[in-house]
Amino acid sequence: MTAMTATRVTDGVWRRLRRRPLALIGMALVATIVLAALLAPWIAPYDPFEQHFDGLTLYGEPLPPGGAFLLGTDLLGRDLFSRLLYGARTSLIIGVVANGAALLIGTVIGLTAGFFQGWIGTVLMRFTDLMMAFPALLLAICLAAVLQPSLWIVAFVIAMVNWVQTARVIYTETTALAARDFIAAQRTLGAGTGRILFRHILPHLVPMIIVWGTLGISTTVLLEATLSYLGVGVQPPMPSWGNIIFENQTYFQSAPWLVFWPGLAIVVLALAFNLVGDALRDVLDPALRGSD
Amino acid sequence: MKKLLASTALIASLSLPAMAQETLDPNATPGGNITVTYKDDVATLDPAIGYDWQNWSMIKSLFDGLMDYEPGTTTLRPGLAESYEVSEDGLTFTFALRPGVVFHNGREMTAEDVKYSLDRVTLPETASPGAGFFAAIAGYDAMASGEATTLEGVTVVDPLTVQITLSRPDATFLHVMALNFASVVPQEAVEEAAGDFGRMPVGTGAFKLADWTVGQSLLFEKNADYWRAGLPYLDTVTFEVGQEPIVALLRLQNGEVDVPGDGIPPAKFQEVMADPEQAARVVEGGQLQTGYITLNVTAAPFDQVEVRQAVNMAINKDRIVQLINGRAVPANQPLPPSMPGYTADYDGYAYDVEAAKALLAEAGLADGFETELYVMNTDPNPRIAQAIQQDLAAIGVTASIQSLAQANVIEAGGAGTAPMIWSGGMAWIADFPDPSNFFGPILGCAGAEEGGWNWSKFCNAEIDAAATAADSMIDPATPERLAMWSDVYMKVMEEAPWVPVFNEQRYTMKSARMGGDDALYVDPVSIPVNYDYVYVTE
Amino acid sequence: MAAYLIRRLFQSALILLGVSFITFLLLYVLPADPVRQIAGRSATPQNIASIRAQLGLDQPFFVQYGRYLWALLQGDMGRSYLQRTDVASLIWARLPASLLLMVAGIGAELVIGLTMGVVAALWRGRTIDNGLMMTSFVTVSAPQFVVALLLLYVFAVQLGWFPIGGYGTPAHLVLPALTLGILGSGWYARMMRSSMVEVLRADFVRTARAKGLTRGRVILRHALPNAILPVIAMIGIDIGIFMGGIVVVESVFGWPGIGQLAWQAIQRVDIPIIMGVTLVSACAIVIGNLLADLVAPLIDPRIRIR
């Protein structure tokens, strides 16, 4: 019976989602980026690592967009478009996987601490405070030295560093919700903890989680670049969107395309997930059905 | 039995009149203030400790040593010493001090101060990064081990005469006496500062520290009693720290800054050079620096000389120079071209991919191998590393890049865990213009120990012996000695523990109102600018 | 309340102890030798050994940590390895600038972000809402360095309205604070919008409207105070983000804060400075979070301090 209900709910979700043009655009964008990352070897016009002999001027300047190189070349004479396509792989993993893991950990800890309070809440939140007060970059440098840097290590470090903020926000929000009259009413009605948590508290947290999740995509993608710089991230010549921006940011006046295109890619990625997230929230939220 | 040493360079310096008569620039107008910027904060102004890009020339302007250089050149001249004599065996140096030189606190400088200063810099408690330079002075070892508190080899003959005895001949000793580390400091000021002498420096130099706002700016004020008559020209110099080079350049273009201490940032270089008015204010100068790749000779596969030679042939140095906008010249040996002892007729390993592959095959590595290339993480070094990586790929060598903070690269190099290191950002810049300075710590056996700066871990007893022999000659500038050094570096190149890649050229810029010889803005010793001799024209 | 405060302060002290221990441990295992940095390139093994012994770096970990902690309790943060001076004096000289920039930067974030968020929530679904939310994504994704330099270039170099970097007058503060404000506003804008939309739908707001209160009054008196709650928690978090990410803005604008001090210290393993800056910023973060927890019930009385 439960299974049947679940199927019916999902059916409804998909049907309602289909009717939202913004959600469809969002999904199309996400699909495009994922496809671009997967099909990079076939779409990319050049090898993303090849430093073209004719990719630089005589004075070592990168070439502007147009001509043989669609989006221009970088400071080593490599094709920017090809590097962006390959960079999508790194940035998707960081922005979606690492960020998603951070969101999950943060939500579970913040929710548990905020709902149960007591010693569990105290221990969890003081641990969160400790992690927050701790210099994350230092931890990253040490990890870099001890572990063999790889993309998954970076994802792990980012998740470890980023859950803290989500936990704090969710905690405050949960504390406020738990104190509201309707929750107290549910308790007196004899609703179980699980039911209150999942039916009454979590839905109210969803908007906040979506905000953190989608904005977190941009910041984690940029954080990956900082970690690369410290030697923990993906090492050159492997491209990532954050890396490309970092390598070239001082040249934003003389070669703006090197900052603009990867920057645009990050914005589009975050925006696409936000469109989907917003639509999902509206569709899933019982209070909103029919309105808006 | 002492005899005046006769060598060309030294005669030139001794022929100066006894009084501190400067040949003043006839166009110079005294007065005015200039503003100089640096990105990194000034850690200390203590001459026994300061060893950074930004404080090296500041300390030179606050303090003096017994020896000095002609401004804008690498020619030695007497400083606080008016003249000196060297014994025939080259072991005893007798310096006659200039009378009437006063410290910024008003007290007259004497031979006691010279002795105190040398004791201080070699005392282990001082933990001076320059202590090792004085190893030739008799009694150094006792100081270093803590058995003595004063250098046995330094004696005060009378208030204006100091005698320094060496335990072994050291051709570079006069250069050592011109290093910042050998600056003369007043004991009472050091003691008064109670450990903070680096914040309250007192010297005999052309400028004195007037104000220091930590993390923001320093103000140097003209020393009106400076012993070189007529100098300095400027009334004050303002140093602003903590500013990005690119912002410093914007401020220069806006007329707020006179000299950007960190030079022209790569992102702005083409823009500046494309504008004739700005390009005219750019000063270019050689630098006693070499950028190189170290190959760890103690571990496979770089323990085979063929492999090291193959890597030497695989690197396209012209392209690397192009990447840094042509601000360097390709190198083929450890010494930079402006260093005495440079071998001009040496061709080095030419860029030849096929020959490199053949050599690898000879070493039994026809299919190439995998290795790691360590690099410091500041631009342009990771870019250069990627260019090297591509060149190596062309001969079948797969090098993965480890781009790390400076301290981590130095650690990996010292521990011998890094197969290859691109030296950029940590490269050797000569402490003084003598060929020996490029050998001991970075190519000799002494530096090859655990933690040393010889990251190739290259240690060849025969070459080391030749180097020691060359340094035992008394006169640093004799052709025989320079020939010996040239020979040493040629033998090093046969063994190929390094790939010398380029010699960086320094490009700096100045505001339109700055006067003085261009050489002062790329001074090879008072790096980066010789503040004592520059002036403003308005 | 007093008991709660005392308990929290005690817990805060434990957190700081934990931070100091972990940081010290990480620096201890870090494969970079501070003695190498002090001793210079030409140092002999003897020089190295003597410096190591002088600094006590040849001692076992717990002896080193114990000594550090003992000195710290007596108010001594140690001496910088490379600057050869008191760490406390270096930090105190730079802390006011950092705190000023932090307050101004968070203020700018709040003003820009909350305004954007409230406007977007009130006109939900309209063009202005979409435009503002788009903007929030762009600001969050923009690299600090580029935004800072762009503002500097336009407003200081081209228009000449503000000085090109530096410290001292209110005019110097505008551009760095604005940079931080723009970069961080996206978070506040989206949080505020989301929270405001939730609150506007809530029963008590509807009730208030039904009671005949004006829209403006309902928004100001009822909706805003409730919506702002998660944003308060955000300020506590923001302090942490600020302390970590202020370096770039400081160096572009030549702002003499502790970010630059920390950055140079990390590059050259100046352990006493790294420890000092870490502890000072940890203090700021812990205090910020404590304040956030204390302020929350004042805004929403239903949250009780336990």
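For clarity, every value in this text was computed on a predicted model and none was experimentally measured. (Residues numbered from 1 in each chain as written. Chains lettered and ligands numbered in written order. Predicted model: local features only at pLDDT ≥ 70, side-chain atom pairs only at ≥ 80, totals over all residues. Heavy atoms only, no water.)

Draft legend 1. View of the overall build of chain A. Along the backbone of chain A there are 11 helices and zero strands. Walking chain A from its N terminus toward its C terminus, one meets helices and strands in the order α-α-α-α-α-α-α-α-α-α-α. Relative to its 292 residues, chain A shows a buried fraction of 57%. A fraction of 72% describes how many contacts in chain A between residues 6 or more apart in sequence connect residues 24 or more apart. Of the roughly 12,100 Å² of accessible surface on chain A, 71% is carried by carbon and sulfur atoms. (Helix = DSSP H or I, 4+ residues; strand = E, 2+ residues; numbered from the N terminus. Buried < 20%, exposed > 50% of the residue type's maximum accessible area, 1.4 Å probe, protein only. Contact = heavy atoms within 4.5 Å. Areas by Shrake-Rupley, 256 points an atom, 1.4 Å probe, with all protein chains shown as cover.)

Draft legend 2. Up close: the packing of aromatic side chains. Here the structure, examined in full by the defined rule, presents 40 aromatic pairs over all chains. Here Tyr292 of chain B and Trp498 of chain B contribute two aromatic rings whose centre-to-centre distance is 3.7 Å and whose plane-to-plane angle is 5 degrees, an arrangement assigned as stacked. Residue Tyr292 of chain B is found in strand β14 (residues 289–295), and its partner Trp498 of chain B is found in strand β20 (residues 498–504); the two are separated by 206 residues along the sequence. Considering the side-chain rings of Phe21 of chain C and Tyr65 of chain C, the 5.2 Å spacing of their centres and the 80 degrees angle between planes classify their relative orientation as edge-to-face. Linking Phe21 of chain C in helix α1 (residues 2–29) with Tyr65 of chain C in helix α4 (residues 61–73), this pair joins segments that are 44 residues apart in sequence. Note on Tyr65 of chain C: relative accessible area 8%, which makes it buried. A network of ring pairs unites the aromatic residues Phe21, Phe24, Tyr28, Phe61, Phe62, Tyr65 and Tyr68 of chain C as a single cluster. Across the ring face of Trp212 of chain B, the terminal group of Arg199 of chain B is positioned such that the distance to the ring centre comes to 4.4 Å. (Phe/Tyr/Trp six-rings, centres within 6.5 Å; stacked < 30°, edge-to-face > 60°. Lys NZ or Arg CZ within 6 Å of the ring centre and 35° of its normal.)

Draft legend 3. Representation of the side chain of Thr35 of chain B within the structure. All names here are of chain B. Tracing the backbone through its elements, the reader meets Thr35 in strand β2 (residues 33–38). For Thr35, a relative accessible area of 10% gives the class buried. Each residue touching Thr35, except ones within four places of it in the same chain, is listed here: Thr238, Glu240, Glu256, Val257, Asp258 and Val259.

Draft legend 4. Broad picture of the domain arrangement of chain B. All names here are of chain B. The domain architecture assigned to chain B consists of domain 1 (2–14 + 22–204 + 507–536) and domain 2 (289–504). Placing the centre of domain 1 and that of domain 2 at their C-alpha centroids yields a distance of 31 Å. Contact with domain 1, which involves 20 residues of that partner, is made by 16 residues of domain 2. Each partner contributes to the roughly 1,400 Å² buried at the junction of domain 1 and domain 2, and carbon and sulfur atoms together form 69% of this total. For the pair domain 1 and domain 2, the interface holds zero salt bridges. Joining domain 1 to domain 2, the criterion identifies two residue pairs in polar contact (both at pLDDT 80 or more). (Domains from an automatic or database assignment. Buried area = accessible area lost by both parts, 1.4 Å probe. Salt bridge = Lys/Arg side-chain N within 4 Å of Asp/Glu carboxyl O. Polar contact = N/O pair within 3.5 Å; in protein donor to acceptor, adjacent residues only side chain to side chain.)

Draft legend 5. Spotlight on the interface of chain A and chain B. The partner chain B presents 23 residues to the 29 residues of chain A that form the contact. Together chain A and chain B conceal approximately 2,100 Å² of surface at their shared face, both sides included; 44% is due to carbon and sulfur atoms. Run the count over chain A and chain B and you get zero salt bridges. Put simply, chain A and chain B have 10 residue pairs in polar contact (both at pLDDT 80 or more) between them. Here the side of chain A that touches chain B takes three residues from helix α9 (residues 193–230) of chain A, the largest share from any one element. The class makeup of the residues in the side of chain A that touches chain B is 13 nonpolar, 12 polar and four charged. (Nonpolar A, V, L, I, M, F, W, Y, C, P; charged D, E, K, R; others polar.)

Draft legend 6. View of helix α13 (residues 381–394) of chain B. Residues and elements named next belong to chain B. Here α13 is 14 residues long and its end C-alpha atoms lie 20 Å apart, about the 20 Å a rise of 1.5 Å per residue gives. Those residues of α13 not exposed but buried are Asn381, Pro382, Arg383, Ile384, Ala385, Gln386, Ala387, Ile388, Gln389, Asp391 and Leu392. Of the residues trailing α13, Gly396 is marked for its positive phi of about 90 degrees. (Expected span 1.5 Å × (residues − 1).)

Draft legend 7. Representation of the sheet that holds strand β9 (residues 207–213) of chain B in the model. With mixed pairing, the five strands of this open sheet are ordered in space as β9-β10-β11-β2-β12 (chain B). The open sheet terminates on both sides in strands that have one partner only, identified here as β9 and β12 (259–260) of chain B. (Pairing = 2+ DSSP bridges.)

Draft legend 8. Up close: the pairing of strand β8 (residues 161–165) of chain B. Residues and elements named next belong to chain B. With four of five residues buried, β8 is to be regarded as a mostly interior element. The pairing of strand β6 (residues 92–97) with β8 spans five bridges and is classified as antiparallel. Paired with Ala96 across the strands is Thr161, a residue of β8. As paired elements, strand β7 (residues 154–158) and β8 share four bridges and run antiparallel to each other. Pairing of Val156 across the sheet is with Val162, part of β8. Following β7, the chain reverses through two residues before pairing antiparallel with β8.

Draft legend 9. Summary view of the nonpolar core. Core analysis: the biggest nonpolar cluster contains 153 residues, and Trp241 of chain A together with Met196 of chain C have the highest contact counts within it. Per-element accounting of this core gives the leading share, 13 residues, to helix α5 (residues 87–122) of chain C. In contact with Trp241 of chain A, other than residues within four places in its own chain, are Ile33, Leu84, Gly87, Ala88, Ser91, Val221, Pro262, Ala265, Ile266 and Leu269 of chain A. (Core = buried A, V, L, I, M, F, W, Y, C linked by side-chain atoms within 4.5 Å.)

Draft legend 10. Geometry of the packing of α9 of chain A against helix α10 (residues 241–248) of chain A. All names here are of chain A. Between α9 and α10, the least distance of the axes is 7 Å, while the angle of their chain directions is 60 degrees. Taken together, α9 and α10 sit at an angle that is classed as oblique. The handedness of the crossing between α9 and α10 is right-handed. When α9 is examined against α10, the residues Val221, Leu222, Glu224, Ala225, Thr226 and Ser228 are found in contact with a partner set consisting of Trp241, Gly242, Asn243, Ile245 and Phe246. Considered class by class, the residues forming the contact of α9 with α10 number six nonpolar, four polar and one charged. (Axes fitted to C-alpha atoms, helices over the stretch in contact; angles between N-to-C directions. Parallel < 35°, antiparallel > 145°, perpendicular 65-115°, else oblique. Left-handed = near helix turned anticlockwise from the far one by under 90°.)

Draft legend 11. Structural detail: the pairing of β20 of chain B. All names here are of chain B. Counted residue by residue, β20 has six buried out of seven residues, so it is predominantly covered. Of the pairings in the sheet, the one linking β14 to β20 comprises four bridges and is antiparallel in character. Looking across to β20, one finds that Ile293 is bridged to Val499.

Draft legend 12. The interface of chain C and chain A, seen in detail. Taken together, the contacts link 53 residues of chain C with 54 residues of chain A. Here chain C and chain A share an interface that buries about 5,100 Å² over both sides, 73% of which is from carbon and sulfur atoms. For chain C, the biggest contributors to the area lost against chain A are Phe137, Trp187 and Ile237 of chain C; these three give 13% of the whole. For the pair chain C and chain A, the interface holds one salt bridge. Between Arg8 of chain C and Asp129 of chain A there is a salt bridge, and its shortest N-O distance comes to 3.8 Å. Put simply, chain C and chain A have three residue pairs in polar contact (both at pLDDT 80 or more) between them. Only α1, α6 (127–141), α7 (144–158), α8 (170–201), α11 (229–245), α13 (258–267) and α14 (271–299) of chain C provide two or more residues apiece to the side of chain C that touches chain A. At nine residues, α1 of chain C tops the list of elements feeding residues into the side of chain C that touches chain A. Looking at side-chain class alone, the side of chain C that touches chain A contains 33 nonpolar, 11 polar and nine charged residues.

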